[in-house]
Amino acid sequence: MVTIDEERFRESFESYSRIGATENGGLHRLTLTEADKRVRDAFVEDLAELGLEVRVDRIGNIFGRREGTDLDADPVLIGSHLDSQPYGGRFDGQLGVLAALETLRALEDEGVEPNRPIEIVNWTNEEGSRFPNALLGSSVFSGGTELETALSLTDGEGTTVRDALSAIGYDGDHPVEPFDIHAHLELHIEQGPYLEEHGNSLGIVEGVYGMSWLRATITGESDHAGPTPMHTRSDAMAAAADAVSEINRLPNRLSADAVSTVGEFSIAPGSINVVPDTAEFTVDVRSYDDAVVAEAVERVHEEIEHACSRHATSAEVEALWNIESTAFDPEIRDVLEGVADDRGIAYERMPSGAAHDATRINEIAPTAMLFAPSVDGRTHNEDEFTEWEDCVVTAGCYAEAVHQLASE
Ligand SMILES: [Zn+2]
């Protein structure tokens, strides 16, 4: 059995949290910025101290390899991401990278040399807040996104990923290509309220929700807000408002886990005394059950149609993106459950409503995830918090599970 050093784990967490720290106890460490460079430097230094062979690939993913006793065995891949949301929290991503680092340190302490190598990774641009594509480094690695496409993405100021990587010295020369992986395990905070509500310290993630993104454009007619009677209007805004409130009621009618969100909304011409002729909004629907997502998409179309007919307008609805739910590897989940049982830790099997780098790696290798509870389910803000005891419990299970997977 591998035992993590709680004190050292906490010291690392606190020292990494100072890099890009905000006044209110959060983290502002957008990908490929100066703060990201400093945390990457700290990470590379820590890997070197462990005697790991460090590689940086062309999208800036950082890998460190600890050899096993069998030189031909496929490695176990562990890690997460060190970038944050703007004025985000200290736990999202960082906790997973530091649990992976602590796992390697604990193995080293105890002189444990499993037969399989272990590769630790920090993925580039998981958050997708400075550059548009979330899960960028893991998507290029898994083959879902072309390297050239990724390098050419620009931030709000027109800086490309390529230039941002070279500005901080992390434009590595290692090719971005998947290697054979025996198992991949990522620890992350839940970012939702379920573990806390049920009083569990540990979530064993069964898979990730499927989701569909849509964009609706409602077209009416602009008219003067004074002389045009209500019954002769084709008000695009009124139709959209109707549709949006129905879309928000949909999940309740479909399934307990379904969620729907209208996250972008705009109207035109946008004048106080003009009836709007155009309304445009996006819809994000999710559930762990792909049939529920499909049903939700159908109902979104219907609700928009009904709202349009009530307001003498018309609509076009465009499908932007669809991803089916993913199930993680049942054998790795069994290992995780065995570890939790051995330690007498109450856990909960649960799906993840959010996508993670592990979602991408699951496309090319057996993968699973562990969740630590998020207090009040709050995340992507400075109040994001996980009780330290829960971090320790989750990281302890993580380290032991990695040890067992590397010994298979
Ligand atoms: Zn994250």
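In this structure, Ser80 sits in strand β3 (residues 76-81). A polar side-chain atom of Ser80 sits 2.7 Å from a polar atom in the side chain of Glu186. In this structure Ser80 touches Gly93, Gly96, Val97, Val121, Asn122, Trp123, Glu186, Leu187, His188 and Asp357, once residues within four positions along its chain are discounted.

The next thing to look at is the domain arrangement of the protein chain. For the protein chain, the assigned domains read domain 1 (6-208 + 325-406) and domain 2 (210-323). Taking the mean C-alpha position of each, domain 1 and domain 2 sit 37 Å from one another. Domain 1 puts 11 residues into the contact, and the matching count from domain 2 is seven residues. Together, the buried faces of domain 1 and domain 2 total about 620 Å²; carbon and sulfur atoms form 52% of this surface. Scanning the region where domain 1 abuts domain 2 turns up zero salt bridges. Linking domain 1 with domain 2 are four residue pairs in polar contact (both at pLDDT 80 or more), by the criterion used here. Contributions of two or more residues to the side of domain 1 that touches domain 2 are made by β6 (202-208) and β12 (326-327). At three residues, the largest contribution of residues to the side of domain 1 that touches domain 2 is made by β6.

Further remarks concern the layout of surface pockets. Empty space within the largest pocket amounts to approximately 1,400 Å³. Where the lining of the largest pocket is concerned, the elements lending two or more residues are α4 (136-142), β7 (210-219), β8 (259-261), β10 (278-287), β11 (314-323) and β13 (347-352). When residues are assigned to domains, the lining of the largest pocket turns out to be shared by domain 1 (6-208 + 325-406) and domain 2 (210-323), each giving three or more.

The terminal C-alpha atoms of helix α2 (residues 34-49) lie 23 Å apart, and with 16 residues this matches the ideal 22 Å at 1.5 Å per residue to within 8%. For α2, every residue scored as buried is listed here: Ala35, Asp36, Val39, Arg40, Ala42, Phe43, Asp46 and Leu47. The arc enclosing the buried residues of α2, seen along the axis, measures out at 160 degrees, which places them on a common side. Across from the buried face of α2, at angles greater than 90 degrees, the exposed residues are Glu45 and Glu49. Its buried side turned inward, α2 meets α1 (6-17), β1 (53-56), β2 (62-66), α3 (94-109) and β4 (118-123). Just downstream of α2, Gly51 is the residue with a positive phi angle, here 75 degrees.

Taken N-terminus to C-terminus, the directions of α3 and helix α12 (residues 388-406) make an angle of 55 degrees; their axes are 9 Å apart at the nearest point. Compared by their axis directions, α3 and α12 come out oblique. Our pair here, α3 against α12, has a crossing hand that is right-handed. Residue-level inspection shows Leu95, Ala99, Ala100, Thr103 and Leu107 of α3 in contact with α12, the latter providing Trp388, Cys391, Ala395, Tyr398, Ala399, Val402 and His403. Among the residues making up the contact of α3 with α12, the classes are represented as 10 nonpolar, two polar and no charged.

So, about the pattern of salt bridges. Scanning the entire structure with this criterion turns up 23 salt bridges. Note that Arg65 is salt-bridged to Glu119, the shortest N-O span being 2.8 Å. Highlighted residues: Arg65 in strand β2 and Glu119 in strand β4, separated in sequence by 54 residues. Neither Arg65 nor Glu119 differs from the other in exposure class; each is buried. Each of Arg55, Arg65, Glu67 and Glu119 takes part in one network of salt bridges that share partners.

Taking 1.5 Å of rise per residue, the 12 residues of α1 would be expected to cover 16 Å, and the 16 Å separating its terminal C-alpha atoms lies within 8% of that figure. Burial in α1 covers these residues: Arg8, Phe9, Ser12, Phe13, Tyr16 and Ser17. The arc that holds the buried residues of α1, viewed along the axis, is 165 degrees, so those residues lie on one side. Opposite the buried face of α1, at more than 90 degrees from it, the exposed residues are Glu7 and Glu11. Taken together, the buried residues of α1 touch α2, α3 and α12. Regarding α1, its N-cap is Asp5, as a side-chain oxygen of that residue lies 3.1 Å from the backbone nitrogen of Glu7 further along.

The subject of this paragraph is the coordination of the zinc ion. Four donors placed tetrahedrally about a metal ideally form angles of 109.5 degrees, and six donors placed octahedrally ideally form angles of 90 or 180 degrees. Within the first shell, the zinc ion binds the protein through His81 (NE2), Asp92 (OD) and His188 (NE2), at distances of 2.0 to 2.2 Å. Every donor residue of the zinc ion comes from the same chain, spaced as H-x10-D-x95-H. Here Asp92 lies in the loop between β3 and α3 and His81 lies in strand β3, a separation of 11 residues in the sequence. Each member of the pair His81 and Asp92 is classed as buried.

Cut-offs used in this document
Residues numbered from 1 in each chain as written. Predicted model: local features only at pLDDT ≥ 70, side-chain atom pairs only at ≥ 80, totals over all residues. Heavy atoms only, no water. Helix = DSSP H or I, 4+ residues; strand = E, 2+ residues; numbered from the N terminus. Polar contact = N/O pair within 3.5 Å; in protein donor to acceptor, adjacent residues only side chain to side chain. Contact = heavy atoms within 4.5 Å. Domains from an automatic or database assignment. Buried area = accessible area lost by both parts, 1.4 Å probe. Salt bridge = Lys/Arg side-chain N within 4 Å of Asp/Glu carboxyl O. 1 Å grid on protein atoms, 1.4 Å probe; cavity = no way out; pocket = protein on both sides within 12 Å on 5 of 7 lines; lining within 4 Å. Points joined across faces, edges and corners; volume = space filled by probe spheres on them. Expected span 1.5 Å × (residues − 1). Buried < 20%, exposed > 50% of the residue type's maximum accessible area, 1.4 Å probe, protein only. Arc of directions from axis to C-beta. Axes fitted to C-alpha atoms, helices over the stretch in contact; angles between N-to-C directions. Parallel < 35°, antiparallel > 145°, perpendicular 65-115°, else oblique. Left-handed = near helix turned anticlockwise from the far one by under 90°. Nonpolar A, V, L, I, M, F, W, Y, C, P; charged D, E, K, R; others polar. Donors = N, O, S within 2.8 Å, 3.2 Å for Na, K, Ca; no water.

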